Amino acid sequence: MQQKLLRKAGLLGVVATALGFFIAGCVDEPTPPVAPPVTSSVRFVHAVVGAPAVDIWVDSLKVYSNVSYSQNTPYKTDVKSGNRFIRLVPAGSDTASAVFRQLVSIRSFTKMTAVFVGDVTDMGLLLTQERFTYSNETKKLADTAQVKLINTYLVGSPVKMVKDAVTGPTVIGAVNAFAPSSYTNVLGGAYKFYVVTAADEEVKEVNITLTGKTRYTFILVGDLASPQVLTLEDDKD
C-alpha cells in the first residue's frame, strides 16, 4: 500500500513538473523593441562646372533625379548614418554609367550639405555640417541670423565676404578653396554682400534680406568666366 502511494506521488510529481513546463512555455515572452535606424538629414548641391543634369544615388537608392548645375535639393531626412556610397549618374541612366563614386561618412543626428565640386574631368565631394537636428540654437538668435560661406570656386584661391562695398567691413574672413567657413552672426536686415579675393577684387555681389533666427549658407561656384553665389536657407527645426 505504501509503495503504491509513493508511486502515485511520484507520478503526480512528474505530471505536475511537466505541466509546469507546459504552462511556462505558453506564457508570451515580451518582444524586445526594435530600434529605428539612426539617420541624418542631407541635402545635395550640383556645383560641377560643365556637367549635365544628374541623378543622385545613396547606396542602392536613387534619392534625387535630374538635378542640374547650380541646383540644390531639399534635405533628405532619412539618410542612414555611417558609411554611405554616393554616386552621380547622368540623368536617366543606370548606375553602371556613374561619373562619380565615393564612400562617405554620415554623422548621426546631423544636418549636412554635400556639394559636388570640380569640373567634368575632376569631380569631388565636399561634405559640411550644419548642426545637430535636436539643437535649439536658432531659438537663441533673436533678431540675429547666421551666415556661412563655402568656397568651391575653380580658380582655387581663398575668398572672403564683405559688406556695403568691395573694400567694406569683413563679414566672413578668408575661406580656402574647397572649404567651408564657420557660421558668423549678422543682424537681420537687408544687405549688399560682396565675395572678394584676398586682394579685394570682386568675384560676385549678393543682395539679400536676412531673417532673424535663421541660418544661411552661401556657396561660391563656377570658374573665372561664370562665378555664381548660391544662397541656401538652412533647415530651421
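Summarised in this report is the structure supplied together with it. What you see is a predicted model; the values in this text were computed from it and never measured.

The rules behind each value
- Residues numbered from 1 in each chain as written.
- Predicted model: local features only at pLDDT ≥ 70, side-chain atom pairs only at ≥ 80, totals over all residues.
- Heavy atoms only, no water.
- Helix = DSSP H or I, 4+ residues; strand = E, 2+ residues; numbered from the N terminus.
- Buried < 20%, exposed > 50% of the residue type's maximum accessible area, 1.4 Å probe, protein only.
- Contact = heavy atoms within 4.5 Å.
- Areas by Shrake-Rupley, 256 points an atom, 1.4 Å probe, with all protein chains shown as cover.
- Phe/Tyr/Trp six-rings, centres within 6.5 Å; stacked < 30°, edge-to-face > 60°.
- Pairing = 2+ DSSP bridges.
- Axes fitted to C-alpha atoms, helices over the stretch in contact; angles between N-to-C directions.
- Salt bridge = Lys/Arg side-chain N within 4 Å of Asp/Glu carboxyl O.

Side note on the overall build of the protein chain
Here comes step 1: Across its full length, the protein chain holds 1 helix and 17 strands.
Here comes step 2: Relative to its 237 residues, the protein chain shows a buried fraction of 42%.
Here comes step 3: Within the protein chain, contacts between residues separated by at least 24 positions form 58% of all contacts whose residues are at least 6 apart in sequence.
Here comes step 4: Total accessible area on the protein chain is roughly 12700 Å²; 56% of this is exposed by carbon and sulfur atoms.

So, the packing of aromatic side chains
Any two aromatic rings considered together are summarised by their centre-to-centre distance and by the angle between their planes.
Here comes step 1: This structure, assessed with the given rule, holds 5 aromatic pairs.
Here comes step 2: Considering the side-chain rings of F44 and F116, the 6.2 Å spacing of their centres and the 10° angle between planes classify their relative orientation as stacked. Here F116 lies in strand β7 (residues 110-119) and F44 lies in strand β1 (residues 39-46), a separation of 72 residues in the sequence.
Here comes step 3: The exposure class assigned to F44 is buried, which follows from its relative accessible area of 2%.
Here comes step 4: Ring centres of F100 and F116 lie 5.9 Å apart, and the angle between their planes is 80°; this geometry places the pair in the edge-to-face category. Taken together, the positions of F100 in strand β6 (residues 100-106) and F116 in strand β7 put the pair 16 residues apart, joining distant regions of the chain.
Here comes step 5: On the basis of relative accessible area, F116 is assigned to the buried category, the value being 1%.

Comments concerning the sheet that holds strand β11 (residues 170-175)
Here comes step 1: Reading across the sheet, the 4 strands line up as β11-β10-β14-β15 and stay open at both edges, with antiparallel pairing between neighbours. Strand pairing shows two members of the sheet lacking a second neighbour, β11 and β15 (202-210), which therefore form its edges. Neighbouring strand axes in the sheet, compared pairwise and without regard to direction, differ in orientation by 20° on average.
Here comes step 2: As defined by bridge partners, strand β14 (residues 189-197) adjoins β15 across 8 bridges and the pair is classed as antiparallel.

Considerations on the sheet that holds strand β3 (residues 61-67)
Here comes step 1: Taken in spatial order, the 4 strands make up an open sheet running β3-β2-β5-β6, and their pairing is antiparallel. Single-partner strands in this sheet number two, and they are β3 and β6. The sheet shows a mean angle of 20° between the axes of neighbouring strands, direction not considered.
Here comes step 2: In the sheet, strand β5 (residues 82-90) pairs with β6 via 7 bridges, with the strands oriented antiparallel.

Observations concerning the pairing of β11
Here comes step 1: Where strand β10 (residues 159-163) meets β11, 3 bridges bridge the pair, whose relative direction is antiparallel. Each bridged residue has a counterpart across the sheet, and for M161 the counterpart in β11 is I172.
Here comes step 2: Linking β10 back to β11 in an antiparallel pair, the connection comprises 6 residues, with D164 at a positive phi of about 75°.

Overview of the pattern of salt bridges
Here comes step 1: Inspection of every chain in the model, using the stated rule, returns 8 salt bridges.
Here comes step 2: Measuring nitrogen to oxygen at the nearest pair gives 2.8 Å for the salt bridge that ties K76 to D78.
Here comes step 3: The exposure class assigned to K76 is buried, which follows from its relative accessible area of 17%.
Here comes step 4: Salt-bridge contacts for D200 lead to K160; the nearest nitrogen and oxygen are separated by 3.1 Å. With D200 in the loop between β14 and β15 and K160 in strand β10, this residue pair connects regions lying 40 residues apart in the sequence.
Here comes step 5: Connected through shared salt-bridge partners, R43, E130, K148 and D234 make up one network.

As for the side chain of K148
Here comes step 1: Inspection of the secondary structure assignment puts K148 in strand β9 (residues 144-151).
Here comes step 2: The residues touching K148, leaving out its near neighbours within four places in the chain, are T128, Q129, E130, I172, S181, S182, Y183, Y216, T217 and F218.

Quick word on unusual backbone geometry
Here comes step 1: Its identity is not glycine, yet D164 carries a phi of approximately 75°, on the positive side.
Here comes step 2: Mapping D164 onto the fold places it in the loop between β10 and β11.
Here comes step 3: Classification of D164 as exposed rests on a relative accessible area of 52%.

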